[in-house]
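# A closer look at the structure
Spelled out, the chains give:
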Amino acid sequence: FAVGRERSSVDAGAAVWQARVARAEQQRAEAVATFITSLLQDANIDRGQGSPASVADMLRRASARLEALPPGAARAELRIVLGDALLAQGDAADIDEVAARAVDEALAVGDPPLVLRARILRAQALFYRGDPASMLAELDHVDALLVDQPDDRFAQEQAVLWRL
């Protein structure tokens, strides 16, 4: 009878933990959606002010607006998305700072997939900056993270690494 009660406690504990994780993911998704919506609304407002805002202008504004968000997984995720967009635009000037801050914020959150993505972004930024020694040091961190992962859930990230 006591074993059944202990198992029920473990099951209840697992359910509470899963509910917390689900709630945190929901809050993160809501913060990201709200942020992106606000950026798109700003783009619509800019259309009436003469020339339309360029993608680069919108990304710079997005970077500045991230500071208004509370630290956490959502802000780290948005920094990574912003960094990827800056890379796609070829904006080597702004990518370095965004990537470095993405790593710092992802490390503070402690979420391995987020840390991995941020470190890959940082390695790409260092590549574009022309700093191969620092890029290789960053890739050492990436390698250590990948070794610690038992499955292949990071196949997309590994494909990005092959391009460096």
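The rules we used
Residues numbered from 1 in each chain as written. Predicted model: local features only at pLDDT ≥ 70, side-chain atom pairs only at ≥ 80, totals over all residues. Heavy atoms only, no water. Helix = DSSP H or I, 4+ residues; strand = E, 2+ residues; numbered from the N terminus. Buried < 20%, exposed > 50% of the residue type's maximum accessible area, 1.4 Å probe, protein only. Contact = heavy atoms within 4.5 Å. Areas by Shrake-Rupley, 256 points an atom, 1.4 Å probe, with all protein chains shown as cover. Phe/Tyr/Trp six-rings, centres within 6.5 Å; stacked < 30°, edge-to-face > 60°. Axes fitted to C-alpha atoms, helices over the stretch in contact; angles between N-to-C directions. Parallel < 35°, antiparallel > 145°, perpendicular 65-115°, else oblique. Left-handed = near helix turned anticlockwise from the far one by under 90°. Nonpolar A, V, L, I, M, F, W, Y, C, P; charged D, E, K, R; others polar. Salt bridge = Lys/Arg side-chain N within 4 Å of Asp/Glu carboxyl O. Core = buried A, V, L, I, M, F, W, Y, C linked by side-chain atoms within 4.5 Å. Expected span 1.5 Å × (residues − 1).

## Comments concerning the overall build of the protein chain
Broken down by element type, the protein chain carries 7 helices and 0 strands. Taken from the N to the C terminus, the helices and strands of the protein chain come in the order α-α-α-α-α-α-α. Sorting the 164 residues of the protein chain into buried and exposed places 33% on the buried side. Taking contacts inside the protein chain between residues at least 6 apart in sequence as the whole, the part at least 24 apart equals 54%. Accessible surface for the protein chain amounts to roughly 10100 Å². Of this, 57% is attributable to carbon and sulfur atoms.

## Digging into the packing of aromatic side chains
Applying the stated criterion across every chain, the model contains 1 aromatic pair. Judged by centre distance (5.5 Å) and plane angle (80°), the rings of F127 and Y128 are edge-to-face.

## Overview of the packing of helix α5 (residues 112-129) against helix α6 (residues 132-147)
Between α5 and α6, the shortest axis-to-axis distance is 9 Å and the interhelical angle comes to 160°. With respect to each other, α5 and α6 are oriented roughly antiparallel. Like other packed secondary-structure pairs, α5 and α6 cross with a definite hand, here left-handed. Of the residues in α6, those in contact with V115, L116, R119, I120, R122, A123, L126 and F127 of α5 are S134, M135, E138, L139, H141, V142, L145 and L146. Of the residues contributing to the contact of α5 with α6, the split by class is 11 nonpolar, 2 polar and 3 charged.

## As for the pattern of salt bridges
Tallied over the entire structure, the rule returns 10 salt bridges. One salt bridge in this structure joins R79 and E67, with 2.6 Å as the shortest N-O distance. Of this pair, R79 sits in helix α3 (residues 73-89) while E67 is found in the loop between α2 (55-65) and α3, placing the two residues 12 residues apart along the sequence. Take E67: its relative accessible area is 36%, and that puts it in the partly exposed class. E138 is the partner of R119 in a salt bridge, and the nearest nitrogen-oxygen pair spans 2.3 Å. Pair noted here: R119 is in helix α5 and E138 is in helix α6, with a separation of 19 residues, a long-range link. For the pair R119 and E138, a shared accessibility class is recorded, and that class is buried. One network of salt bridges, with partners in common, ties together E67, R75, R79, E97, R101 and E105.

## Here's the deal with the nonpolar core
One finds L82, L86, I95, L116, A118 and L121 to be the most contacted residues of the largest nonpolar core, which totals 26 residues. Here the element with the most residues in this core is α5; it accounts for 7 residues. Once residues within four sequence positions are removed from consideration, A118 is found in contact with I80, A102, V103 and A106.

## Concerning helix α4 (residues 92-109)
Helix length check: α4 (18 residues) gives 26 Å between terminal C-alpha atoms against 26 Å at 1.5 Å per residue, within 8%. If you check which residues of α4 are buried, you get I95, D96, V98, A99, A102, V103, E105 and A106. On the buried face of α4, the contacting elements are α2, α3, α5 and α6.

## Here's the deal with the environment of A106
With respect to the helices and strands, the residue A106 is situated in helix α4. Judged by relative accessible area, A106 falls into the buried class, the value being 0%. When the C-alpha positions of A106 and R119 are compared, they lie 8.9 Å apart, and in sequence the two are 13 residues distant. If sequence neighbours within four positions are ignored, A106 has contacts with A76, D111, L114, V115 and A118.

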